[in-house]
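If you want the building blocks of each chain, they are given just below.
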Amino acid sequence: MPKSVLLIAYNYPPLISPQSIRWLYLSRELNKLGYKIDVLTINMPQRFKDLTEMIPKESNIYRVFPGVFYHITYKYSREKSKTDVTSNSKNSPDAIYRLYLLIHSICNTFLIPDIYSEWLPHALLKGYTVMKENKYDVIISSSEPRVCHLVAYVLKRFFPVKWIADYGDPWVYPVSTQKDYMIKKKIIKGIEAHILKYLDFITLAANGIKSLYLKEYSFLQDKKIEVITQGYDPELFEAILAEKGQKDFVLTYCGSFFKNLRDPSNFFNGLKGLNIPEMKVKIAGRINEFVENLKEGPLDKIIEYKGFINHKDSLYLEKNSTLLIFISNAIDTQIPGKIYEYIGAKRPILCITDNSEDLSSRLIKDTNRGIVVSNDSEEIKAGILKFYNLWKDGKLDNSFNLNDLDGFTWHYSAKKISEVIDKL
């Protein structure tokens, strides 16, 4: 018999992130399978509406104050555009953005495990009330951010309920991706080691995270861990119109860039060495400190930076591209969820990697979805030229398997997590 679930997800539409998209689709699919999915999440200003129309109507959504810092952030937020970064005025959005980053860094340093912990008291108060008023069989907490697991941990101590902790990212990366003091990392690992002993099951977005956790925490049991990958919705892609008569060789990158984790520098250098008149490059997403690279010649003429766009516009870009650009993480722990969207778009993929046998590279090669090249500017340039020549000869789409892959759909992932819920 399908069960009643309370999903604790800070990241949930209209706030868009990989975990937000993950649990929007999983909650929709679980709802179709007969589960009742209610959601405890943050409250956002009314102008944020992305994907809210896709939230299951049967779900109760309990929205809670996110905390002072992010309340102000969302209230006054304005996604950076290409024109923002070219301004040098002291009162420019760029100057305000630097002040914002300074305040964020200070708060993130002193709050444990991170700045999102400001949501904890508000989520606990609402979560306790919701749990008292409703009978839930299972709590699922979605991390990132890590605070969701803390909320679930406390609620489980008060109520006789099963708890599944879902990890999109590990709490502590094997290599540094941001400035965290060693003592803080030890405290975070200590907290995580404690709460892991109280949960009933773990779901993870990639095999690499599973391997990492089994190694880091010897008390964990393999039988209580399941890998539930990201996915794509074939029906949603089918509804997106495909442009006809496209005459340009369009390269598209959707997603984020991160120093030390997903660095586009060699990709940019490879583009500089190409002379393809028909080539257009589109980038959409938060590209952080790399936004300055876009002002360098000839990138300023090659690349069209679209900033942070809504989810469906991103899918439209992907489906109407000649070639999709994918940059693997520098560590072989995760597979960025964007790769599953790319599979759904049914376009060839150029996978740029530091390790040709990492999880993402093996996925591309095993499914014959594209070509894998080393994270080297010359190899990247050669890879793009190979795709270009296939495109010019009219052989591009027939050179790769661009069919639907059922094992990577959200429906498939939801069936796997439904099996986890049912056996608790």
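Above: the structure in question.
Because the structure is a prediction, the values reported are computed rather than measured.

Asks: Explain the sheet that holds strand β4 (residues 138-143) to me, please; I cannot follow it from the model alone.
Replies: The strands making up a sheet associate through hydrogen bonds between their backbones, and the pairing can be parallel or antiparallel. The seven strands lie next to each other as β3-β2-β1-β4-β5-β6-β7, forming an open sheet whose pairing is parallel. Here the strands that pair on one side only, and so sit at the sheet edges, are β3 (61-64) and β7 (225-227). Taking each pair of neighbouring strands and ignoring which way they run, the sheet shows an average axis angle of 20 degrees. With four bridges joining them, strand β1 (residues 4-8) and β4 adopt parallel strand pairing. Residue pairing in the sheet places Ile8 in a bridge with Ser141 of β4. Its contacts with the sheet place helix α1 (residues 18-32) against β1, β2 (36-42), β4, β5 (162-167) and β6 (201-204), and it is angled at close to 155 degrees to β4.

Asks: Is there a simple way to explain the sheet that holds strand β12 (residues 349-353) in this structure?
Replies: Here six strands make up an open sheet; going across it, the order is β10-β9-β8-β11-β12-β13 and the pairing parallel. In this open sheet, the two edge strands, each paired with only one partner strand, are β10 (303-305) and β13 (370-374). Here the strands of the sheet are splayed against their neighbours by 25 degrees on average, with no regard to which way each runs. Across the face of the sheet, helix α10 (residues 265-272) comes into contact with β8 (249-254), β9 (279-284), β10, β11 (323-327) and β12 while running at roughly 160 degrees to β9. Its contacts with the sheet place helix α13 (residues 338-345) against β8, β11 and β12, and it is angled at close to 165 degrees to β11.

Asks: What am I meant to see in the packing of aromatic side chains here?
Replies: What characterises a pair of aromatic rings is the spacing of the ring centres plus the angle enclosed by the ring planes. The full count for this structure, using the stated rule, is 23 aromatic pairs. Summarising the aromatic geometry, the rings of Tyr10 and Trp119 are spaced 5.4 Å apart at their centres and angled 90 degrees between planes, so their arrangement reads as edge-to-face. With Tyr10 in the loop between β1 and α1 and Trp119 in the loop between α4 (93-110) and α5 (120-133), the pair connects residues that are 109 residues apart, well separated along the chain. A single burial state applies to Tyr10 and to Trp119, both of which are buried. Pairwise contacts between aromatic rings join Tyr10, Phe69, Tyr70, Tyr74, Tyr116 and Trp119 into one cluster. The ring centre of Phe219 lies 5.2 Å from the NZ or CZ of Lys197, which sits over that ring. Note that Arg286 overlies the ring of Phe308, its terminal NZ or CZ placed 3.9 Å from the centroid.

Asks: Help me understand the state of the cysteines in this model?
Replies: Summed over all chains, the structure comprises zero disulfides. Cys107 takes part in no disulfide bond, and the closest cysteine sulfur, belonging to Cys148, lies 19 Å away.

Asks: Whenever I open this one, the pattern of salt bridges confuses me. Can you help?
Replies: Side-chain pairs of opposite charge can arise where the charged atoms are in close proximity. Using the criterion set out here, one finds 19 salt bridges in the structure. Across the salt bridge formed by Glu53 and Lys312, the nearest N and O atoms sit 3.0 Å from each other. Here Lys312 lies in helix α12 (residues 311-319) and Glu53 lies in the loop between β2 and β3, a separation of 259 residues in the sequence. Lys312 sits in the partly exposed class, given a relative accessible area of 34%. We note a salt bridge from Lys338 to Glu318, for which the minimum N-O separation is 3.8 Å. One end of the pair, Lys338, is in helix α13; the other, Glu318, is in helix α12, with 20 residues separating them in the sequence. One connected set of salt bridges, linked through shared partners, spans Glu318, Lys338 and Glu341.

Asks: I'm lost on the layout of surface pockets in this one. Help?
Replies: Over the atoms, a rolling probe the size of a water molecule traces out where space has been left empty. Taken as a whole, the second largest pocket encloses approximately 350 Å³ of empty space. In terms of lining residues, the second largest pocket is bounded by 16 residues, among which Glu243, Lys319, Ser321, Arg347 and Asp397 are the most central. Looking at the lining of the second largest pocket residue by residue, the classes come out as four nonpolar, five polar and seven charged.

Asks: Any chance you could explain the environment of Lys189 here in plain terms?
Replies: On the secondary structure map, Lys189 appears in helix α7 (residues 182-196). By relative accessible area, Lys189 is classed as partly exposed at 28%. Along the chain, Lys189 and Glu133 lie 56 residues apart, while their C-alpha atoms are 33 Å from each other. Setting aside chain neighbours within four positions, we find Lys189 in contact with Val172, Glu216 and Tyr217. A polar contact of 2.3 Å, which involves the side chain of Lys189, links it to the side chain of Glu216.

Asks: What is the right way to look at helix α16 (residues 410-423) in this model?
Replies: Since the α-helix turns once every 3.6 residues, residues separated by three or four places project in the same direction. In a regular helix each residue adds 1.5 Å, so 14 residues correspond to 20 Å; α16 covers 20 Å between its end C-alpha atoms and thus fits that length. Regarding α16, the residues found buried are Trp410, Ser413, Ala414, Ile417, Ser418, Val420 and Ile421. In an axial view of α16, the angular spread of the buried residues amounts to 160 degrees, which keeps them on one side of the axis. Away from the buried face of α16 by more than 90 degrees, exposed residues Glu419 and Lys423 are located. Taken together, the buried residues of α16 touch β1, α1, β4, β5, β6 and β7.

Asks: Sorry if this is basic, but what is going on with the nonpolar core here?
Replies: Judged by nonpolar contacts, the single largest core of 132 residues is most densely connected at Trp119, Phe267, Phe268, Leu271, Met279 and Ile384. With seven residues, helix α6 (residues 147-158) is the largest single contributor of residues to this core. If we skip the residues at most four places from it in the chain, Phe268 touches Phe257, Ile283, Phe290, Asn293, Leu294, Leu299 and Ile303.

Here is what the cut-offs are and how they apply
Residues numbered from 1 in each chain as written. Predicted model: local features only at pLDDT ≥ 70, side-chain atom pairs only at ≥ 80, totals over all residues. Heavy atoms only, no water. Pairing = 2+ DSSP bridges. Helix = DSSP H or I, 4+ residues; strand = E, 2+ residues; numbered from the N terminus. Axes fitted to C-alpha atoms, helices over the stretch in contact; angles between N-to-C directions. Contact = heavy atoms within 4.5 Å. Phe/Tyr/Trp six-rings, centres within 6.5 Å; stacked < 30°, edge-to-face > 60°. Buried < 20%, exposed > 50% of the residue type's maximum accessible area, 1.4 Å probe, protein only. Lys NZ or Arg CZ within 6 Å of the ring centre and 35° of its normal. Disulfide = S-S within 2.5 Å. Salt bridge = Lys/Arg side-chain N within 4 Å of Asp/Glu carboxyl O. 1 Å grid on protein atoms, 1.4 Å probe; cavity = no way out; pocket = protein on both sides within 12 Å on 5 of 7 lines; lining within 4 Å. Points joined across faces, edges and corners; volume = space filled by probe spheres on them. Nonpolar A, V, L, I, M, F, W, Y, C, P; charged D, E, K, R; others polar. Polar contact = N/O pair within 3.5 Å; in protein donor to acceptor, adjacent residues only side chain to side chain. Expected span 1.5 Å × (residues − 1). Arc of directions from axis to C-beta. Core = buried A, V, L, I, M, F, W, Y, C linked by side-chain atoms within 4.5 Å.

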